[in-house]
Amino acid sequence: MAQSFSPVHSVNLQLAQAGDERRQLRLEKLGVIAGFLLGLPLALTAVHDLLADAPEAVSALAVVVVVAATTRFGLLAASAAARRLAAR
């Protein structure tokens, strides 16, 4: 005997999936913000100090690259965490 789902069940399933997607998006946003906030002081202190004798353009580019890399790492880490939480 075939099992059929009621329209209410279908709507509830869609709402649950939308809620999971919103939670995943929130977690990814937090990862981006955390990565940026960790990368900015790191870049402005350690990287800038290491490249103190380099031309200003090279130092500025290194700061931008470090902030971008830590922001990306924050996104990847949060995305992986969100996938793990969704799998539960």
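Just so it is clear, the model here is predicted, and its values are computed rather than measured. Sequence order sets the numbering: in each chain, residues are counted from 1 along the sequence as written. In keeping with the predicted nature of the model, local features appear solely for residues at pLDDT of at least 70, side-chain atom pairs appear and are counted solely at 80 or more, and the whole-chain, interface and lining totals rest on all residues. Based on all heavy atoms of the structure, the side-chain values leave hydrogens and waters out of the count.

Engineer: An account of the overall build of the chain is requested, with residue identities and associated values reported.
Structural biologist: Segments assigned H or I by DSSP are reported as helices when at least four residues long, segments assigned E as strands when at least two residues long, and all are numbered from the N terminus. Of the regular secondary structure elements, the chain holds two helices and zero strands. Counting all 88 residues of the chain, 20% fall into the buried class. Whether two residues are in contact is decided by their heavy atoms: any pair within 4.5 Å suffices. In the chain, the share of contacts with a sequence separation of at least 24, taken over all contacts with a separation of at least 6, comes to 71%. Methods summary: accessible areas were calculated by the Shrake-Rupley approach with a probe of 1.4 Å, and residue burial reflects only the protein chains presented. Total accessible area computed for the chain in this model is approximately 6900 Å², and 68% of it derives from carbon and sulfur atoms. Each residue gets one of three labels from its accessible area relative to the maximum for its type: buried under 20%, exposed over 50%, partly exposed in between, using a 1.4 Å probe on protein chains only.

Engineer: Which residues make up the nonpolar core, and what values do they have?
Structural biologist: Among buried residues, the Ala, Val, Leu, Ile, Met, Phe, Trp, Tyr and Cys ones that are joined through side-chain atoms within 4.5 Å form a nonpolar core. Ala43, Val47, Ala62, Val63, Val66 and Val67 form the largest nonpolar core, which has six residues in total. Secondary structure elements with two or more residues in this core: α1 (7-50) and α2 (56-87). A total of four residues in this core trace back to one element, the largest contributor, which is α2.

Engineer: Break down α2 for me, citing the residues and quoting the values.
Structural biologist: Here α2 spans 47 Å end to end across 32 residues, near enough to the 46 Å set by a 1.5 Å rise per residue. Listed in full, the buried residues belonging to α2 are Ser59, Ala62, Val63, Val66, Val67, Thr70, Thr71, Gly74, Ala78, Ser79 and Ala82. Every helix has an expected span of 1.5 Å times one less than the residues it contains.

Engineer: Residues and numbers for the side chain of Glu28, please.
Structural biologist: For Glu28, the position within the fold is in helix α1. For this count, His and the chain ends are skipped, Lys and Arg are scored as positive, and Asp and Glu as negative. In the sections that follow, a salt bridge refers to a side-chain nitrogen of Lys or Arg positioned within 4 Å of a carboxyl oxygen of Asp or Glu. No salt bridge is formed by the buried Glu28. Its closest oppositely charged neighbour is Arg83, at 6.0 Å. In contact with Glu28, not counting residues within four places along its chain, are Leu75, Ala78 and Ser79.

Engineer: I'd like a description of the environment of Ala80, backed by residues and values.
Structural biologist: With respect to the element layout, Ala80 can be found in helix α2. The exposure class of Ala80 is partly exposed, given its relative accessible area of 23%.

Engineer: So what about a nonpolar patch on the surface? Which residues, and what values?
Structural biologist: Two joining distances apply to patches: 9 Å for like charges and 5 Å for nonpolar side chains (Val, Leu, Ile, Met, Phe, Trp, Tyr), and every residue must have over 30% relative accessible area and no salt bridge. On the surface, a cluster of nonpolar side chains totalling about 450 Å² of accessible area is made up of Ile33, Phe36, Leu37, Leu40 and Leu44. On the basis of relative accessibility, which here comes to 37%, the residue Phe36 falls in the partly exposed class.

Engineer: Summarise the environment of Ala82; cite the residues concerned and give the values.
Structural biologist: Mapped onto the elements of the fold, Ala82 is located in helix α2. Setting aside residues no more than four positions away along its own chain, Ala82 makes contact with Gln24 and Leu27.

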